[in-house]
Amino acid sequence: MNLFQLRAFDAVAREGSFTRAAGRLCVSQPAVTGHIKALEERYDLVLFRRTARSAELTPQGRALAELTGPLFGLVEQAEDLLEANRTLVSGRVEIAVDSPHIVMPLLARLRARHPGIVVGLILGNAADTREALLSERASVAVLTEAEAHPDLHLAQIAVSRICAVVPRGHPLADRETLDLAELDGAAMVLREPTSVTRRTFDRACRAGGVAPAVLMELDSREAVIEAAAAGIGIGIVSSLECGADTRIAAIPIAGADLSNRHAIACLARRRNLRLIRAVFELAVFGLATEESAR
């Protein structure tokens, strides 16, 4: 068995792309394509379905990826052990997040402490982020309301409040907090039903007997903020997602069930890799610093 071919397969399986796999391995895309073609021809099978934008695993490819993921994960751990006495002066880490606002302070601390580390940021919804980590396309993920999983190591890094978003000049804009009952019958623009923020809000509404008038369902927090800023309806977002947009006011909604927990996560078997440990330490340090400042 040719390990170069197997490593090329593993990189494409993790990245979902021949181009990104080539970047991961620091080789040319034709070299990766050649390795995969040789592997498929030698064993007379098809490992990927090629599309214009991605490479999707076939059933045979998924079965092989379940073996190569742990195999090359162990190789990375061996490399880390051999490099243990070196300073983190270079390297690359892929971080998957469901909200860039949550992770940016962490990336700033990582940049300040280890300026030679390159970060690849994978953006998606909560389900995409979790899948990126479990499929090893990402080494670290920031997850919202993460459920315990035997393959994951988790550490809480933040708690956010569910906020109502209104344009400046709105009658509610100067309020410090808002009671959920005040949104009964209110015209609202919300995330899609599978969004973690939306699920938290809907659960609280059902418990409180509140029935807002949903005018729009949008597939990104940015779209919700834009719609709210335009005065289409009251938006619902996390307190960590508003940024410094001067067009809007974000008002926390009172209630114990209107908050979300955010955790940093990695695969449990990779938690002791040097670079992953460094990211975790900076994330937990940031949480401790914020709590001491309160």
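In this report, the structure presented in the accompanying data block is examined. (Residues numbered from 1 in each chain as written. Predicted model: local features only at pLDDT ≥ 70, side-chain atom pairs only at ≥ 80, totals over all residues. Heavy atoms only, no water.)

1. Points about the overall build of the protein chain
- Scanning the protein chain for helices and strands turns up nine helices and twelve strands.
- Viewed in the frame of its principal axes, the protein chain has a C-alpha envelope of about 70 × 40 × 35 Å.
- Expressed as a percentage of the 294 residues in the protein chain, the buried residues total 45%.
- Sequence separation of at least 24 residues holds for 75% of the intrachain contacts in the protein chain that already meet a minimum separation of 6. (Helix = DSSP H or I, 4+ residues; strand = E, 2+ residues; numbered from the N terminus. Buried < 20%, exposed > 50% of the residue type's maximum accessible area, 1.4 Å probe, protein only. Contact = heavy atoms within 4.5 Å.)

2. Describing helix α7 (residues 196-208)
- In a regular helix each residue adds 1.5 Å, so 13 residues correspond to 18 Å; α7 covers 18 Å between its end C-alpha atoms and thus fits that length.
- Considered for burial, the residues of α7 that qualify are V196, T197, R198, T200, F201, A204 and C205.
- Looking one or two residues past α7, G209 carries a phi angle of roughly 65°, positive in sign. (Expected span 1.5 Å × (residues − 1).)

3. Focus: the side chain of E76
- Topologically, E76 is positioned in helix α4 (residues 59-82).
- A distance of 3.5 Å separates the side chain of E76 from the side chain of R14, its partner in a polar contact.
- If we skip the residues at most four places from it in the chain, E76 touches R14, R24, R270 and L273. (Polar contact = N/O pair within 3.5 Å; in protein donor to acceptor, adjacent residues only side chain to side chain.)

4. Some details on the packing of helix α2 (residues 18-25) against helix α3 (residues 29-43)
- Packing of α2 against α3 brings their axes to within 8 Å, and their N-to-C directions diverge by 105°. Taken together, the axis directions place α2 and α3 in an arrangement best described as roughly perpendicular. Contact with α2, carried on its side by F18, T19, A21, A22 and L25, involves Q29, V32, T33 and I36 of α3 and no other residues of that element.
- For the contact of α2 with α3, the class distribution of residues is six nonpolar, three polar and no charged. (Axes fitted to C-alpha atoms, helices over the stretch in contact; angles between N-to-C directions. Parallel < 35°, antiparallel > 145°, perpendicular 65-115°, else oblique. Nonpolar A, V, L, I, M, F, W, Y, C, P; charged D, E, K, R; others polar.)

5. Quick notes on the pairing of strand β8 (residues 187-191)
- Counting buried positions over the five residues of β8 gives four, a clear majority of the element.
- Both β8 and strand β9 (residues 213-218) contribute to a ladder of five bridges, which runs parallel. Residue R191 lies in a different strand from β9, and its bridge partner there is L218.
- Taken together, β8, α7 and β9 constitute a β-α-β crossover, and its handedness is right-handed.
- Across two bridges, β8 lies against strand β10 (residues 234-238) in parallel orientation. Bridging from a neighbouring strand, V189 pairs with G235 of β10. (Pairing = 2+ DSSP bridges. Right-handed = clockwise from strand over helix to strand, strands pointing away.)

6. So, the layout of surface pockets
- By volume, the second largest pocket is sized at about 750 Å³.
- Lining the second largest pocket we find 31 residues, and of these A13, E131, L134, S135 and E136 sit closest to its centre.
- Elements with a contribution of two residues or more to the lining of the second largest pocket: α1 (3-15), β2 (55-57), α4, β4 (117-123) and α6 (126-134).
- Here the element with the most residues in the lining of the second largest pocket is α4; it accounts for six residues. (1 Å grid on protein atoms, 1.4 Å probe; cavity = no way out; pocket = protein on both sides within 12 Å on 5 of 7 lines; lining within 4 Å. Points joined across faces, edges and corners; volume = space filled by probe spheres on them.)

7. A word on the packing of α1 against α2
- Between α1 and α2, the shortest axis-to-axis distance is 8 Å and the interhelical angle comes to 120°. Comparing the axis directions of α1 and α2 gives the class oblique. Every pair of crossing elements has a handedness; the one defined by α1 and α2 is right-handed. On α2, the residues touching R7, A8, A11, V12, R14 and E15 of α1 are F18, R20, A21, R24 and L25.
- The class makeup of the residues in the contact of α1 with α2 is six nonpolar, no polar and five charged. (Left-handed = near helix turned anticlockwise from the far one by under 90°.)

By themselves, these are just geometric observations and shouldn't be taken as functional.
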